[in-house]
Amino acid sequence: MYRDNGTQINKTQAQALATSVPVTDPLVKVAEHIYEGVRADGTTYPPRRRKLVFRKDQIIRTSELNAYFPAPTIASISPATGAAAGNTLVTVKGSNFSVGTTVTFGGTAATGVTVVNETTLTCRTPAKAAGAADVAVTNDSATATKTGGFTFTA
């Protein structure tokens with residue numbers, strides 16, 4: 001090993017010239033082929049053709065894997081008001097909804113969550129005290145919150 005000026009250096013000197021870099025995007029090894037666009041039952045959700053995204057034993061950055069699992073968004077909630085007793089059928093429009101997506105109203109879980117497609121889901125409100133409540137939609141990547149997105153009425 002040599003410096004820019006041509007002088008030879010040993011391992012200790014080389015280590016002193018190196019600086020530690022925090023690992024913010026670690027490498028991961030893919031254990032099996034990962035495809036996009038086809039469920040086990042053969043139907044597509046979301047509707048697109050099957051595509052090999054990562055092959056077995058491929059080394060990728062964590063951010064590359066995370067990019068295929070985007071955070072949800074909330075565009076609208078309809079209706080935006082309902083009875084404090086709960087059980088109001090609500091439609092949430094947004095993006096990146098998938099099987100297993102959950103919804104909470106003021107921190108209390110909604111019931112009957114049905115993902116219609118990647119941009120629409122329906123659910124029933126829990127019973128809550130009258131007033132505005134934050135609506136949170138969580139997929140397997142993150143949570144989107146609409147502050148005061150639903151108002152419970154007496």
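Now for a description of the structure that goes with this document. Predicted model, so just to flag it, every value in this text is computed and none were measured.

**Focus on the sheet that holds strand S7 (residues 89-95)**
Consider a sheet: its strands pair through backbone hydrogen bonds, and that pairing is either parallel or antiparallel. An order of S5-S7-S11-S10 is seen for the four strands of this open sheet, with the pairing classed as antiparallel. Across the chains shown, the open sheet's two edge strands, defined by having one partner strand only, are strand S5 (73-78) and strand S10 (111-117). Between one strand and the next, the sheet's axes are offset by a mean angle of 20°, whatever the strand orientation. In terms of strand pairing, S7 meets strand S11 (residues 120-124) through five bridges, oriented antiparallel. Following the sheet pairing, valine 90 is matched in S11 by cysteine 123.

**A look at the environment of asparagine 96**
Along the chain, asparagine 96 falls in the loop between S7 and strand S8 (102-105). A sequence separation of 35 residues divides asparagine 96 from arginine 61, and the C-alpha atoms of the two residues are 22 Å apart. With sequence-adjacent residues up to four places away left out, asparagine 96 is seen in contact with Pro70, Ala71, Pro72, Glu118 and Asn139. A distance of 2.6 Å separates a polar side-chain atom of asparagine 96 from the backbone oxygen of alanine 71.

**Quick notes on the nonpolar core**
One finds Val92, Val103 and Phe105 to be the most contacted residues of the largest nonpolar core, which totals 17 residues. Elements supplying a minimum of two residues to this core: S5, S7, S8, S11, strand S12 (131-138) and strand S13 (143-153). Each residue touching valine 92, except ones within four places of it in the same chain, is listed here: Ile74, Ser76, Ile77, Phe97, Thr119, Thr120, Leu121 and Val137.

What counts, and where the lines are drawn
- Residues numbered from 1 in each chain as written.
- Predicted model: local features only at pLDDT ≥ 70, side-chain atom pairs only at ≥ 80, totals over all residues.
- Heavy atoms only, no water.
- Pairing = 2+ DSSP bridges.
- Helix = DSSP H or I, 4+ residues; strand = E, 2+ residues; numbered from the N terminus.
- Axes fitted to C-alpha atoms, helices over the stretch in contact; angles between N-to-C directions.
- Contact = heavy atoms within 4.5 Å.
- Polar contact = N/O pair within 3.5 Å; in protein donor to acceptor, adjacent residues only side chain to side chain.
- Core = buried A, V, L, I, M, F, W, Y, C linked by side-chain atoms within 4.5 Å.
- Buried < 20%, exposed > 50% of the residue type's maximum accessible area, 1.4 Å probe, protein only.

Keep in mind these values describe shape, not function.
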